[in-house]
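# Understanding the architecture of this molecule
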Amino acid sequence: MDLARAAAEDTARPVPVGEHLGLRAEGDRVVTHDFASLDPAYRGWRWAVTVTRASRAKVVTVSEVVLLPGEDALLAPTWVPWLDRLRPGDLGPGDLLPTAPDDVRLAPGYTDAGESADREADWEPGLGRVRVLSREGRDEAAARWYDGTAGPRAPIAASAPAQCSTCGFFVALAGELRQVFGVCANEYAPDDGRVVSADHGCGAHSEAVSLPAASEHNPPVIDELGYDVVPAGAAAEDAEAQDEEALGHS
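Residues numbered from 1 in each chain as written. Predicted model: local features only at pLDDT ≥ 70, side-chain atom pairs only at ≥ 80, totals over all residues. Heavy atoms only, no water.

Enumeration according to the criterion identifies three aromatic pairs in this entry. Here the aromatic rings of Tyr 42 and Trp 45 are separated by 5.2 Å at their centres, their planes lie at 85°, and the arrangement is edge-to-face. According to the relative accessible area criterion, Trp 45 is buried, its value standing at 18%. Note on Trp 145 and Phe 181: the rings are 5.4 Å apart at their centroids and 85° apart in plane angle, and the pair reads as edge-to-face. (Phe/Tyr/Trp six-rings, centres within 6.5 Å; stacked < 30°, edge-to-face > 60°. Buried < 20%, exposed > 50% of the residue type's maximum accessible area, 1.4 Å probe, protein only.)

Shown next as structure tokens:
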């Protein structure tokens, strides 16, 4: 144990080594001693020093000194490759995102004479391109667009006067995607320049009807000071007297 502690202190220098935590046999003439780590950056870790003795030898030697995490040790999160951590919008100017050769979202272009390439060429010739969008890639993109903010279930589409398919600013895509998607070409619409589904919609529809603004005038006010209120009978007698005077009667 003294030999193991000396090896641990030599490796951990200048930080001292803590108390002896126990030992365990790893095999014939192989024992590992554990010592607590006092390094504040490695709380809950331990120094594991393995000592051994060769057959027929009397001298014990150090085989290995490592720092191992304990049950309460603070560990780094599980490593995730950067390609799996990438999210939409992370790619910036100058960044490169290599595409795997076996990416299922892509299929060989028209230059490939294989059977699968012929099927893809039926809807996307891909002239001048090595690879084109595969059926899996098209279906994945269609599902992502349709379920996103440019689909029919978006809050703005629920209150739209009509669907994008009937809008004059709706430009249909090419290929099989034109059956469901297009691009908005209205500069005043929130989806201008973006892919939208045919059953999407917004308030900037080309055929939206302008409703007249509601009147904000108050009800008419009766001016009771501009005339005198008289009984109906008295008003009739005054009118008859005025007619008789007009005819020369007194």
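A few words now on the pairing of strand 3 (residues 45–53). Sheet analysis places strand 2 (residues 30–37) next to strand 3, joined by seven bridges and oriented antiparallel. For Asp 34, the partnering residue across the bridge sits in strand 3 and is Ala 48. In textbook terms, the turn of a hairpin is the stretch between consecutive antiparallel strands, and for strand 3 and strand 4 (residues 60–69) this stretch comprises six residues, one of which, Arg 56, has a positive phi near 70°. (Pairing = 2+ DSSP bridges. Helix = DSSP H or I, 4+ residues; strand = E, 2+ residues; numbered from the N terminus.)

Further remarks concern the nonpolar core. Of all hydrophobic cores here, the largest spans nine residues; its members are Ala 4, Ala 7, Ala 8, Ala 12, Val 17, Phe 35, Trp 47, Val 49 and Val 51. At four residues, helix 1 (residues 2–12) tops the list of elements feeding residues into this core. With near-sequence residues (within four places) excluded, Ala 8 lies in contact with Val 17, Phe 35, Trp 47, Val 49 and Val 65. Counting residues in hydrophobic clusters, the runner-up holds six residues, among them Cys 164, Cys 167, Phe 170 and Ala 198. (Core = buried A, V, L, I, M, F, W, Y, C linked by side-chain atoms within 4.5 Å. Contact = heavy atoms within 4.5 Å.)

Spatially, four strands are ordered 1-2-3-4 in an open sheet, and the strand pairing comes out antiparallel. At either end of the open sheet lies a strand with only one pairing partner, and these are strand 1 (17–27) and strand 4. Shown here is a sheet whose adjacent strand axes are inclined to one another by a mean of 20°, direction ignored. (Axes fitted to C-alpha atoms, helices over the stretch in contact; angles between N-to-C directions.)

Turning to the pattern of salt bridges, a few remarks are in order. If you walk through the whole model with that rule in mind, you get eight salt bridges. Between Arg 24 and Glu 26 there is a salt bridge, and its shortest N-O distance comes to 3.2 Å. Looking at Glu 26, the relative accessible area reads 46%, which means it is partly exposed. (Salt bridge = Lys/Arg side-chain N within 4 Å of Asp/Glu carboxyl O.)

Moving on, we come to helix 1. Turning to helix 1, its buried residues are Ala 4, Ala 7, Ala 8 and Ala 12. An end-on view of helix 1 places all buried positions within 125° of arc, on one side of the element. On its buried face, helix 1 sits against strand 1, strand 2, strand 3 and strand 4. (Arc of directions from axis to C-beta.)

Turning to the environment of Val 171, a few remarks are in order. Structurally, the position occupied by Val 171 is in strand 7 (residues 170–172). Sequence separation between Val 171 and Gly 193 is 22 residues, and the spatial gap between their C-alpha atoms is 9.9 Å. Ignoring anything within four residues of it in the chain, the contact list for Val 171 reads Gly 182, Val 183 and Ala 185.

Read these as geometric descriptors, not functional statements.
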